[in-house]
Amino acid sequence: MSYEMYRQQFEGDSFNDILVDQLRRAPWILVSFALHALIFILVWWLTNDPKDIQSLADTEVALDEEIIDEEEEEEEEPEEEEPEPEELIEDPVEVDEEVDEHDEDETNEEYEEIRGEEDQINDKPMDASSNNDAIGLGGGAGGAFGGRRGGRRRLRKGRGKRGQAVVDRGLEWLSLHQSKDGSWDCDEFAKNGDPAKGALCDGKGGPLYDVGVSGLALLAFLGAGETHKAGDYRATVRKGLSWLKEQQDSEGCFGPRTVNNFTYNHAIGALAMCEAYAITKAPLFKRAAEKGIEFIVACQNPYKAWRYGEADGDNDTSVTGWMVMALKSGKAGGLAVDPKGFEWALSFIEDMTDEENGRTGYNSPGGLPVREKGKIEEFPSSESESLTAVAMLVRVFAGQNPEEHPMVKLGSDLLLEKLPLWDESRGSIDMYYWYYGTLAMFQVGGSAWTEWNKKMEEAVIETQRDDGNFSGSWNPIGAWGENGGRVYATALQTLCLEVYYRYGKVFGTR
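Throughout, residues of each chain are indexed from 1 in the direction in which the sequence is written. Given that this is a predicted model, residues contribute local features only at a pLDDT of at least 70 and side-chain atom pairs are listed and counted only at 80 or more, while totals for whole chains, interfaces and linings are drawn from all residues. Side-chain calculation: all heavy atoms of the structure are included, whereas hydrogens and water are not.

Draft legend 1. Spotlight on the packing of helix H12 (residues 317–332) against helix H16 (residues 431–444). Only the contacting stretch of a helix is used when fitting its axis, a line to C-alpha atoms as for every element, and angles between N-to-C directions run 0 to 180 degrees. The secondary structure listing takes helices from DSSP runs of H or I that are at least 4 residues long and strands from runs of E that are at least 2 residues long, numbered from the N terminus. The geometry of H12 relative to H16 is characterised by a closest axis approach of 13 Å and an angle of 45° between their N-to-C directions. Taken as axis vectors, H12 and H16 run oblique relative to one another. Once H12 is placed against H16, the crossing between them reads as left-handed. Every residue of H16 that contacts H12 at Ser318, Gly321, Trp322 and Met325 is listed here: Tyr432, Tyr435, Tyr436 and Leu439. Any residue that is not Ala, Val, Leu, Ile, Met, Phe, Trp, Tyr, Cys, Pro, Asp, Glu, Lys or Arg is counted as polar, Gly included; the first ten are nonpolar and the last four charged. Class assignment for the residues of the contact of H12 with H16 results in 6 nonpolar, 2 polar and no charged. The labels follow the angle: roughly parallel below 35 degrees, roughly antiparallel above 145, roughly perpendicular from 65 to 115, and oblique for the rest. When the near helix sits turned anticlockwise from the far one by under a right angle, the crossing is termed left-handed; a clockwise turn instead gives a right-handed crossing. Every residue pair with non-hydrogen atoms within 4.5 Å of one another is taken to be in contact.

Following this line, the structure appears as structure tokens:
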């Protein structure tokens, strides 16, 4: 602070007044340390494993030290001889006004304009030679991830007031149902509800997917600009990232390998950690993100893609989609990512795509989406184009322009024939499909995106629960609802509505 700024701030105050003012600001660091010391003691009494306590405490302390260091750095300002008065510019997104949620051409233009201005100020492209490198998962044009630093309020206009309220309720539900250790427990999350609000939630998921659903929940917060440093849910994100970091083994894998399809857990965990690092640049997350990427590379089959093992020769489109998103997020965050990962994945996707109609299969060309045994009649594969949507997104992230590549156009046509529809009797509910479809169609843009988005909003916004402990969540109905449960459903539906925040247009299409 320059002398002139100091004089203007305190002129007319006595020395005692100044001293009181300074002391009033000082205790927050001490309070932070005291609070975490108390948390450490409480955790010690509640657990029998002192090693786990120490590991978690070390991560929490490291996060605290990092936040304190950053705050101290931010407080240091270069001295200026005579500071110029700043021109106050009203943030256009803060204005509270009605927005027609389905007038996507207008809202998209406003969003693109705001995002472009922010990117010119905040960040530079990771690689000026390619738009693809400058814009990745969670990023905005001209500066990957730059648009979300500082919270989601600046980007609310893209979705509209009603949609934003649904996002806010989804995040609140996820926060209220986070476990004390920072995870989201697939099958035990309901215990974190409030009995005073009535019946606790139903909708248990599989007990072996905690890492995956915790990663999705974190992505919902990160997608809205909430980090461990800023936002309304700093403590929620901090605990979640601390827990996720502790689930990584020495080889970089997130989560145990006790389930045969553990690669789903790892891909989503790595995606969340890469996005956390890319947004915050927190050194504590960098190595965890790098190791996560290294394990993804180790699992990819040469000249092909991924499935359930570590380069075991088996491949499928579903696991490949999650792996590619993690790679893209890492690359957009400035981590070293071998381009062969994208090239080989694209080659596999092309092998799985029927060139006549654009449909991409699971592990055979042009096949319909797979279903677990006993689910095919309840949720027919014919009601979904989930794998085609995955393939479209992989194509865009691997460098294929939606306006130029025929397979993306054919895929878009297929998705428009199966728009989101919440109809349990018909078996058309597929949140996994809606998630990938929303991301892919947003990249396609134009009238195709407008048509998809309108139906997606109807299916998602109209079906959010608003009662008791369920308020803010979605019922886990669908082909994969029983696997992920209510946490999975709520995270995915919230992410669908956050597409404006999370992705830039890779090729600037509308």
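Draft legend 2. Focus on unusual backbone geometry. One non-glycine residue, lysine 281, adopts positive backbone phi at about 55°. Inspection of the secondary structure puts lysine 281 in the loop between helix H10 (262–280) and helix H11 (283–299). Exposure remark for lysine 281: the relative accessible area of 33% places this residue in the partly exposed category. The buried label goes to any residue with under 20% of its type's maximum accessible area, the exposed label to any with over 50%, and the partly exposed label to all in between, with areas taken from a 1.4 Å probe on protein chains only.

Draft legend 3. Summary view of the packing of aromatic side chains. Any Phe, Tyr or Trp ring, taking Trp's six-membered ring, that has another such ring centre within 6.5 Å forms a pair; planes under 30 degrees apart are called stacked, those over 60 apart edge-to-face, and the others tilted. Following the criterion strictly, the structure yields 12 aromatic pairs and no others. Considering the side-chain rings of tyrosine 264 and tyrosine 308, the 6.3 Å spacing of their centres and the 50° angle between planes classify their relative orientation as tilted. One end of the pair, tyrosine 264, is in helix H10; the other, tyrosine 308, is in the loop between H11 and H12, and 44 residues separate them in sequence. On the basis of an interplanar angle of 15° and a centroid distance of 5.6 Å, the ring pair of tryptophan 322 and tyrosine 435 is categorised as stacked. With tryptophan 322 in helix H12 and tyrosine 435 in helix H16, the pair connects residues that are 113 residues apart, well separated along the chain.

Draft legend 4. Up close: the confidence of the model for the protein. One confidence number per residue, pLDDT, is output by the predictor and ranges from 0 to 100. Per-residue confidence for the protein gives a mean pLDDT of 79, with 67% of residues at or over 70. Note that residues 22–26 has pLDDT below 50 and, in this model, 2 contacts with residues that lie over four places away or in other chains. Note on residues 47–53: pLDDT under 50 across the span, and 4 contacts to partners over four residues away in sequence or across chains.

Draft legend 5. Fine view of the side chain of aspartate 430. Structurally, the position occupied by aspartate 430 is in the loop between helix H15 (406–417) and H16. Setting aside residues up to four positions removed in sequence, aspartate 430 forms contacts with Arg371, Ser384, Ser386 and Trp480.

Draft legend 6. View of the pattern of salt bridges. A side-chain nitrogen of Lys or Arg and a carboxyl oxygen of Asp or Glu constitute a salt bridge if their distance falls within 4 Å. Scanning the entire structure with this criterion turns up 22 salt bridges. Salt-bridge contacts for glutamate 188 lead to lysine 191; the nearest nitrogen and oxygen are separated by 3.0 Å. Of the residues examined, lysine 191 reaches a relative accessible area of 63% and is grouped as exposed. For arginine 287, the salt bridge identified is with glutamate 290, shortest N-O distance 3.5 Å. Of this pair, arginine 287 and glutamate 290 are both found in helix H11, 3 residues apart, which corresponds to roughly one turn of the helix. Residue glutamate 290 is classed as partly exposed on the basis of its relative accessible area, which comes to 25%. One connected set of salt bridges, linked through shared partners, spans Asp249, Glu251, Arg257 and Glu310.

Draft legend 7. Here's a closer look at the packing of H15 against H16. It is at 11 Å that the axes of H15 and H16 come closest, and there the two elements cross at 130°. One way to sum up the angle between H15 and H16 is to call them oblique. As H15 runs across H16, the sense of the crossing is left-handed. On the side of H15, the interface is formed by Val408, Ser412, Leu415 and Leu416, while H16 contributes Tyr433, Gly437, Met441 and Val444. When grouped by side-chain class, the residues that make up the contact of H15 with H16 number 6 nonpolar, 2 polar and no charged.

Draft legend 8. Summary view of the environment of tyrosine 488. Relative to the helices and strands, tyrosine 488 is located in helix H18 (residues 481–497). For tyrosine 488, a relative accessible area of 12% corresponds to the buried category. In this structure tyrosine 488 touches Val213, Leu216, Tyr432 and Trp480, once residues within four positions along its chain are discounted.

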